[in-house]
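Residues per chain are reported as follows:
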Amino acid sequence: MEMQKMIEPVFSVLIVDDTLLYRTMAENILTADGYHVYCVESGLGAINLLKTIKPTIILLDIEMKKMDGYETFSVIRNCAETADIPIIFITSKTKPEFELKAFQLGAADYISKPFIPEIMLKRIDRVIQLDLLQKKLEQQVRAKGDQLEKISLQAISTVAATVDAKGRYTRGHSVRVAKIAVRIAEILGWKQEKIIELKHIALLHDIGKIGISDLILNKPTKLTDEEYEIVKNHTAIGCEILKDITVIKNICDGAKWHHEWYDGNGYPDGLAGENIPLTARIIGIADAYDAMASRRSYRSSLPNQFIVSELTKYRGTQFDPDLVDIMLMLLEDGLDVKASEHPVFIAGNLASESQALLYQVYNKSVEENRKALGIDALTQVYNRRFFEFEVNHALGQGYTGIFMMLDIDNYKQVNDTYGHVVGDKLLILLAEVFRNVLSAEDYVGRMGGDEFVIFLNNSFSEDYVDTIVNEISKNFNEEKSEVDYLNICSLSIGIAVAEKSTNKISFANLYRQADIALYSAKQLGKNRHAYYHAILQEIKKITLKNIEQDILSFKKYVFAKERNQSILTPPERYELAYQIIKRILSKQKNCRVDIIILAISSDSYVDQKNIIKESKQSLKVAIHKSLRASDFDLEFGGNQFMLILANASDAVCDRVAARVIKQHRMESDEVVEVLYRKAKIIW
């Protein structure tokens, strides 16, 4: 009987790139490799398509018109339905800061243009496999199923492979080192249980490279002394990641000491001879052999004869003499580990403990790197990305809070006059003030330059906020008073409020609102604070006044038309509305006609063209879904719509307007308020 061929799952990829050439190139590469491919040319196109599909992975161009890759990334990440899709940035920019920003945002990887098909496919495959692993693990942990042992062991291999994949020429390195280590342990006569332990330790010996920049690991030329010192840190990072794990005995030995030399000239601790754990000595010689036998960016793999001479040369200095003898014997017997990149583990009794190990390794590494990337190096407060993550997480948990944006008045003048060192000291001083005034439950972040943000985990009270603001200002003034030329500096603060009743509140909305309030505070003369909700109330008053004025003007127009009075070139919308009302009355004598004018009320301190455009479209849709069959509507200029209702009471008019506003809230993605006024038309 012929064995049925196993069908591989088809993964889907969404390519977002506004350049047709690269979009087509990527599509051809991926389609040829069996992927199902979707293509769009803009960030907005991607966001709309993601409402109907959920691809396995997204390739996102950074440089796009209107909405760039970073903004698109943020929108995708802030949507619950798409937040877990791994995203790889694609770009022709080669400067390290662009790659660093991509990873700081939370990208899964970074692929440079023009695409190299083999590298592109391997990177995509690695990200997909790691993402599938993570999701599978989460599912298995929740279910607490019986397959934990197999998944855990395979996952340890995947963690090792993920670390190896950071370097272009180290794929499979940890697996090969583990296999060589096992061969040495077998010759030494170790028991099977201890050999399995050694295998796991060897697989994770380079896990600290998670914390080393890809730019250094993949550098095609010799490392500088400074870069070499950075690479050496991977031993300490690896030990830090693994230190609290007790399931596998001595798991830190391999990660921390595999670069120690037998004569004491290694790192990180300069251990010598028998003071180096045997596990680390075995992994050390296995690691050195694979490094020599594998290709690197700056050279081809070295021939066996040269490797033998190097092992012999460093016998008793870099390597344990007994282990060199075993390695030479293995080489003489034809040692070959290159084919083994996915080892089959010997089943043991690790089960749930092994699962816990994997989670500790994975979560520890992710958390450490997330925190390391989340702290602003100068002020030691959160950077923008981490602050945004924490605030969105708090809001997602239903927390209320106060969002404050602070700006140092005249900071640029100080910076330009006295230099960046003085400017930096001023920023550090302000960050210290925050630490002294605020509680441990509050979040502080630096957006860049002299702009800071604070999220107070507290219910809103104007008295409470005023107290905090005054305390910050008081402490800041006291600290800077010791330096005469800093007396020109003060603090301007914009404040927004996150309430449970607030519709679709998020970091982005709070940031925008606080920014508007900050702008208002500065316009009023600096060294003060302003509340967004107070500004909004003033804007609402102005909007309602404008509506009332338009209703009055239209009623005067109708009155003049009916009496054939001369009118100075009226707006076209007045005539159109008049003709609709006249047609209604020609069909229904003595019919009551009411008008409702709805207007979008929005702050006007920032550029909101896109917000207004989208809100107008949402309002138009809401009107069409809410009107009765006998009602009419038309755009009435600016951000206004007029509804014309026949035979409607005051109560009916209010109900229709309320339906429209409710529907608009459901349709609109932005927190924009719709206001209205109604009037009866006397014919």
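Notes on the structure follow. Being a predicted model, the structure only gives us computed values, none of them experimental.

Description of the overall build of the protein
Here is step 1: For the protein, the helix and strand inventory stands at 25 helices and 15 strands.
Here is step 2: Relative to its full complement of 683 residues, the protein shows a buried share of 47%.
Here is step 3: Pairs at least 24 apart in sequence give 69% of the contacts found in the protein among residues at least 6 apart.
Here is step 4: Summed over its atoms, the accessible surface of the protein is roughly 34800 Å², and 51% of this surface lies on carbon and sulfur atoms.

Let's talk about the sheet that holds strand β10 (residues 490–498)
Here is step 1: Strand order across the open sheet formed by six strands is β6-β8-β9-β7-β10-β11, with mixed pairing between neighbours. What marks the edges here is a single partner per strand, and that holds for β6 (382–383) and β11 (529–531).
Here is step 2: Pairing analysis gives two bridges linking β6 to strand β8 (residues 443–448), with the strands arranged parallel. Bridged to Tyr 382 within β8 is Gly 445.
Here is step 3: Sheet strands in contact with helix α22 (residues 532–562) are β10 and β11, and its direction is about 55 degrees off that of β11.

Section: the packing of aromatic side chains
Where two aromatic rings form a pair, the distance of their centres and the angle of their planes describe that pair.
Here is step 1: Counting across every chain of the model gives 19 aromatic pairs.
Here is step 2: Ring centres 6.1 Å apart and planes at 70 degrees place the aromatic pair Phe 387 and Phe 507 in the edge-to-face group. A residue pair is termed long-range when its members are at least 10 positions apart, and Phe 387 in helix α17 (residues 384–396) and Phe 507 in helix α21 (residues 507–523) qualify at 120 residues. Each of the two residues, Phe 387 as well as Phe 507, counts as buried.
Here is step 3: Ring plane angle 85 degrees and centroid distance 5.7 Å describe the contact between Phe 554 and Tyr 574, whose orientation is recorded as edge-to-face. With Phe 554 in helix α22 and Tyr 574 in helix α23 (residues 572–587), this pair connects stretches of sequence that are 20 residues apart.
Here is step 4: Take Tyr 574: its relative accessible area is 7%, and that puts it in the buried class.
Here is step 5: Taken together, the ring pairs in this structure connect Phe 554, Tyr 557, Tyr 574, Tyr 578 and Phe 636 into an aromatic cluster.
Here is step 6: The residue whose ring lies beneath Arg 384 is Tyr 511, and the NZ or CZ to ring-centre distance is 4.7 Å.
Here is step 7: The positively charged end of Arg 563 is found above the aromatic ring belonging to Phe 559, 3.5 Å away from the centroid.

Description of the side chain of Thr 82
Here is step 1: Along the chain, the position of Thr 82 falls in the loop between α3 (69–77) and β4 (87–91).
Here is step 2: The class of Thr 82 is buried, set by a relative accessible area of 5%.
Here is step 3: Residues contacting Thr 82, with those up to four places away along its chain left out, are Leu 50, Ile 76 and Arg 77.

Observations regarding the sheet that holds strand β14 (residues 640–646)
Here is step 1: Spatial strand order, β13-β14-β12-β15: four strands in an open sheet with antiparallel pairing. Two strands lie at the open edges of the sheet, namely β13 (632–635) and β15 (673–681), each paired on one side alone. Within the sheet, the average angular offset between the axes of one strand and its neighbour, ignoring direction, is 20 degrees.
Here is step 2: Pairing analysis gives four bridges linking β13 to β14, with the strands arranged antiparallel. Note on β14: the bridge partner recorded for Phe 632 is Ile 644.
Here is step 3: Along the sheet, α22 makes contact with β12 (593–601), β14 and β15, crossing β15 at roughly 25 degrees.

Structural notes on α17
Here is step 1: With 13 residues, α17 should cover 18 Å at 1.5 Å per step; its first-to-last C-alpha distance of 18 Å lies within 8% of that length.
Here is step 2: Those residues of α17 lying buried are Phe 386, Phe 387, Glu 388, Glu 390, Val 391, Ala 394 and Leu 395.
Here is step 3: Measuring from the side-chain oxygen of the N-cap residue of α17 to the backbone nitrogen of Phe 386 gives 3.0 Å; that N-cap residue is Asn 383.
Here is step 4: With its phi angle positive at about 90 degrees, Gly 398 sits one or two positions after the end of α17.

Things to note about the nonpolar core
Here is step 1: Grouped together as the largest cluster of nonpolar side chains are 41 residues, with contacts concentrated most on Ile 184, Leu 242, Ile 285, Tyr 289, Leu 311 and Met 327.
Here is step 2: Elements with a minimum of two residues in this core: α7 (173–188), α8 (192–203), α11 (234–242), α12 (251–257), α13 (278–293), α14 (304–313) and α15 (321–332).
Here is step 3: Aside from chain neighbours lying at most four places away, what touches Leu 311 is Ile 285, Met 292, Phe 319, Val 324, Met 327, Leu 328 and Leu 331.

As for unusual backbone geometry
Trans is the common state for peptide bonds, and a negative phi is the common state for residues other than glycine.
Here is step 1: With omega at -5 degrees, the peptide bond leading from Lys 113 into Pro 114 counts as cis.
Here is step 2: In this structure, Pro 268 follows Tyr 267 across a cis peptide bond, with omega equal to 15 degrees.
Here is step 3: Relative to the assigned elements, Pro 268 resides in the loop between α12 and α13.
Here is step 4: Despite not being glycine, Asn 410 has its phi angle at roughly 65 degrees, a positive value.

Quick notes on the rules
Residues numbered from 1 in each chain as written. Predicted model: local features only at pLDDT ≥ 70, side-chain atom pairs only at ≥ 80, totals over all residues. Heavy atoms only, no water. Helix = DSSP H or I, 4+ residues; strand = E, 2+ residues; numbered from the N terminus. Buried < 20%, exposed > 50% of the residue type's maximum accessible area, 1.4 Å probe, protein only. Contact = heavy atoms within 4.5 Å. Areas by Shrake-Rupley, 256 points an atom, 1.4 Å probe, with all protein chains shown as cover. Pairing = 2+ DSSP bridges. Axes fitted to C-alpha atoms, helices over the stretch in contact; angles between N-to-C directions. Phe/Tyr/Trp six-rings, centres within 6.5 Å; stacked < 30°, edge-to-face > 60°. Lys NZ or Arg CZ within 6 Å of the ring centre and 35° of its normal. Expected span 1.5 Å × (residues − 1). Polar contact = N/O pair within 3.5 Å; in protein donor to acceptor, adjacent residues only side chain to side chain. Core = buried A, V, L, I, M, F, W, Y, C linked by side-chain atoms within 4.5 Å.

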